[in-house]
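Residue strings, one per chain:
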Amino acid sequence: MGIINLKGKTVFITGGSSGIGKELSRCFAREGSNLILMSREGKKEVLKEWAESLKRTYSVEVWTITCDLSRPDGPEDAYNQVKSCVPHIDVLVNNAGAMAFGPFHELSPSTHDQILVVNARAYMMLMRLFIPEMVQRKTGYVLNVCSVSAFVPTPRHAVYGATKAFIQALSEAVNEELKGTGVGIFTLNPGYTDTPLLRGDGFPQKLRFYRFAGKSDPATIAEKGVQAFIRGKRVYIPEPHLRFLFFVLNRFLPKRVINAISELMVKGT
Ligand SMILES: NC(=O)c1ccc[n+]([C@@H]2O[C@H](COP(=O)([O-])OP(=O)(O)OC[C@H]3O[C@@H](n4cnc5c(N)ncnc54)[C@H](OP(=O)(O)O)[C@@H]3O)[C@@H](O)[C@H]2O)c1
């Protein structure tokens, strides 16, 4: 797959009202893509304002929809709403995500369930709903916003990391299956990024990891992510120092050492 031309393409982004998803929407609009942005009902007005601003600035079409992906019928509802806006999409950006910080046995079962459903089931179901028509049209892409957490266990957000590992494995496997169909699956794998996700549910202000590797800026992550997507990079860690770190960790260190480092770094200070 060569360079992807995004001009005039239709891109559906889940979680488009804040953080990385909002910045991704700006980058896709700058490339000339029309957008369908999604948030939950509570952010409806914020999302509409953002859509208007993108329309004015980049002269693209932007639709907004609301949906709660933690509901059992959430992905089907989102799919049907998208289909009532446009006949097909060219790019599905699975980005909406949830996280909580704390020991596995202390966080509530419903918190774990919410993270699992939003970060894993909803990504999978939206892929399953949109990919058949991409295959039929012989063109289409999925960009799954994953994380470096996909590559190592993440103590104190164990379920979060496990959902990202699930999506990583799913993306790479489905991408192999789809070779030759004109459809491709990509993952964007940032490190900790300064968004509301890191300010919710017991997340400490400071982690040891931040001292060592800092926090990324969502606009930079999105910009680099979209450029890598355009160039056809299938699995992409935007931060060069983390790219190097995870290459070294996974190639040269035994698993028990990686796990111990992970435990040490993901501690509040
Ligand atoms: N921040 C990081 O350190 C980091 C690092 C690596 C990867 N990521 C990934 O990046 C993605 C975006 O996260 P972010 O950091 O940009 O966080 P964010 O600013 O908090 O955005 C999360 C988005 O997910 C949406 N969302 C959450 N629960 C939902 C639900 N039940 N139904 C529908 N939408 C829901 C939110 O929608 P509302 O607008 O309705 O609230 C929001 O737009 C996530 O997949 C996250 O795992 C984040």
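Up top is the structure these notes are about.
Basis of the calculations
Residues numbered from 1 in each chain as written. Predicted model: local features only at pLDDT ≥ 70, side-chain atom pairs only at ≥ 80, totals over all residues. Pairing = 2+ DSSP bridges. Helix = DSSP H or I, 4+ residues; strand = E, 2+ residues; numbered from the N terminus. Contact = placed C-beta atoms within 7 Å. Axes fitted to C-alpha atoms, helices over the stretch in contact; angles between N-to-C directions. Near = placed C-beta within 6 Å. Nonpolar A, V, L, I, M, F, W, Y, C, P; charged D, E, K, R; others polar. Buried ≥ 20, exposed ≤ 12 C-beta atoms within 10 Å, placed from the backbone. Right-handed = clockwise from strand over helix to strand, strands pointing away. Parallel < 35°, antiparallel > 145°, perpendicular 65-115°, else oblique. Core = buried A, V, L, I, M, F, W, Y, C linked by C-beta atoms within 7 Å. Expected span 1.5 Å × (residues − 1).

Turning our attention to the sheet that holds strand β7 (residues 235-236). Spatially, the seven strands line up as an open sheet ordered β3-β2-β1-β4-β5-β6-β7, and their pairing is parallel. Each edge of the sheet is formed by a strand with only one pairing partner; in this case those strands are β3 (62-66) and β7. Both strand β5 (residues 140-145) and strand β6 (residues 183-188) contribute to a ladder of six bridges, which runs parallel. The partner of L143 across the bridge, within β6, is F186. Of the strands in this sheet, β2 (34-39) and β3 are in contact with helix α2 (residues 44-58), which crosses β3 at around 170 degrees.

Checked against the element boundaries, M134 lands in helix α4 (residues 109-137). In this structure the C-alpha to C-alpha distance between M134 and G97, which are 37 residues apart in sequence, comes to 24 Å. In this view, M134 contacts T139, G140 and V183; residues no more than four positions away in its chain are not counted.

So, about the site of the ligand. By nearness alone, 29 residues border the ligand, and G15, G19, R40, G97 and L197 come closest of all. Counting residues per element, the shell around the ligand draws most heavily on helix α1 (residues 19-30), at three residues. Residue composition of the shell around the ligand, by class: 12 nonpolar, 14 polar and three charged.

With that out of the way, let us pick up the environment of S33. Position of S33 among the secondary structure elements: in the loop between α1 and β2. Residue classification places S33 among the buried positions, given that 24 C-beta atoms sit within 10 Å. When the C-alpha atoms of S33 and E61 are compared, they prove to be 8.0 Å apart, with 28 residues separating the residues in sequence.

Bringing the pairing of β6 into the picture now. For β6, the tally of buried residues reaches six of six residues, placing the bulk of the element in the interior. Burial along β6 is two-sided: V183, I185 and T187 and G184, F186 and L188, pointing in opposite directions, are all buried. Taken together, β5, helix α5 (residues 158-177) and β6 constitute a β-α-β crossover, and its handedness is right-handed. Pairing between β6 and β7: two bridges, direction parallel. Bridge pairing in β7 links L188 to Y236.

With that settled, the discussion passes to the packing of α4 against α5. At a closest axis distance of 9 Å, the pairing of α4 and α5 adopts a crossing angle of 10 degrees. One way to sum up the angle between α4 and α5 is to call them roughly parallel. Contacts between α4 and α5 pair H112, I115, L116, N119, A120, Y123, M124 and M127 from the former with V159, Y160, T163, K164, F166, I167, L170 and V174 from the latter. When its residues are assigned to classes, the contact of α4 with α5 shows 12 nonpolar, three polar and one charged.

Turning to the nonpolar core, a few remarks are in order. Judged by nonpolar contacts, the single largest core of 63 residues is most densely connected at L35, L92, V93 and L143. Looking at which element gives the most residues to this core, the answer is α4, with nine residues. Discounting chain neighbours no more than four positions away, the residues touching L35 are V11, I13, S25, F28, A29, L54, V60 and V62.

Another aspect to go through is helix α8 (residues 240-252). Helix length check: α8, at 13 residues, gives a terminal C-alpha distance of 18 Å against a target of 18 Å (1.5 Å per residue), a fit within 8%. Among the 13 residues that make up α8, one are buried, leaving the element largely open to the surroundings.

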